[in-house]
Amino acid sequence: MINLNFSIANPWRRDLWDILWSKHGSITGNKAWEFNGYRTGHIIDVALDVRFKGDHAGARVMLVLLGLGVELHVYDVRHWDCDKNNWKTRE
């Protein structure tokens, strides 16, 4: 897992987190993408999150400037089976 994050929060609007719009779709049978727009309580927020295992593993990039942000998320739609250390199969 790789998780890098830098943020400066607005102390008067710290709890604000609104979804302005969301677009999503499938890439393959197990891969999907999302592109979202947010209004947040952050002045600056830059985040990179890459996960290779776990539920909805994939890459996520988020950029926020002056309270408005965008997020691109490409991920695996399957869930992770911790007991078997592998993807859960559909039954």
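All figures in this text were calculated on a predicted structure; none of them were measured in a lab.

## Focus on the sheet that holds strand S6 (residues 68–76)
Inference 1: A sheet is described by the order of its strands in space; here 6 strands give the open sequence S1-S4-S5-S6-S3-S2, paired in antiparallel fashion. Edge positions in the sheet fall to strand S1 (2–9) and strand S2 (17–26), since each has one partner strand and no second. On average, each strand axis in the sheet is tilted by 10° relative to the strand beside it, whichever way the strands run.
Inference 2: When S2 meets strand S3 (residues 31–40), the two strands line up antiparallel, connected through 9 bridges.

## Observations concerning the pairing of strand S4 (residues 42–50)
Inference 1: Two elements, S1 and S4, share 8 bridges in a ladder whose sense is antiparallel. Considered in S4, the bridge of Ser7 is made with Asp45.

## Some thoughts on the packing of aromatic side chains
Inference 1: Per the stated rule, a full pass over the model turns up 2 aromatic pairs.
Inference 2: Each ring, one from Trp21 and one from Phe35, has its centre 5.0 Å from the other, and the planes form 55°; the classification is tilted. Taken together, the residues span a long stretch of sequence, with Trp21 in strand S2 and Phe35 in strand S3 at a distance of 14 residues.
Inference 3: Trp21 gets classed as partly exposed once you look at its relative accessible area, which sits at 34%.

## Section: the environment of His79
Inference 1: Within the secondary structure, His79 is located in the loop between S6 and strand S7 (80–81).
Inference 2: Residues His79 and Met1, spaced 78 residues apart in sequence, show a C-alpha to C-alpha distance of 16 Å.
Inference 3: Among all residues touching His79, those that are not within four sequence positions of it are Asp55, His56, Trp87 and Lys88.

## A closer look at the side chain of Asp76
Inference 1: Here Asp76 shows up in strand S6.
Inference 2: Polar side-chain contacts of Asp76 include one of 2.8 Å to the side chain of Arg78.
Inference 3: When near neighbours in sequence (up to four residues on either side) are disregarded, Asp76 contacts Asn30, Lys31, His56, Ala57 and Trp87.

## Overview of the pairing of S6
Successive side chains on a regular strand alternate, one facing one side of the sheet and the next facing the other.
Inference 1: Sheet analysis places S3 next to S6, joined by 9 bridges and oriented antiparallel. Residue pairing across strands places Trp33 opposite Val74, the latter belonging to S6.
Inference 2: The sheet contact formed by strand S5 (residues 58–65) and S6 spans 8 bridges and is antiparallel. By the bridge assignment for S6, Val64 is matched with Gly69.

Quick notes on the rules
- Residues numbered from 1 in each chain as written.
- Predicted model: local features only at pLDDT ≥ 70, side-chain atom pairs only at ≥ 80, totals over all residues.
- Heavy atoms only, no water.
- Pairing = 2+ DSSP bridges.
- Helix = DSSP H or I, 4+ residues; strand = E, 2+ residues; numbered from the N terminus.
- Axes fitted to C-alpha atoms, helices over the stretch in contact; angles between N-to-C directions.
- Phe/Tyr/Trp six-rings, centres within 6.5 Å; stacked < 30°, edge-to-face > 60°.
- Buried < 20%, exposed > 50% of the residue type's maximum accessible area, 1.4 Å probe, protein only.
- Contact = heavy atoms within 4.5 Å.
- Polar contact = N/O pair within 3.5 Å; in protein donor to acceptor, adjacent residues only side chain to side chain.

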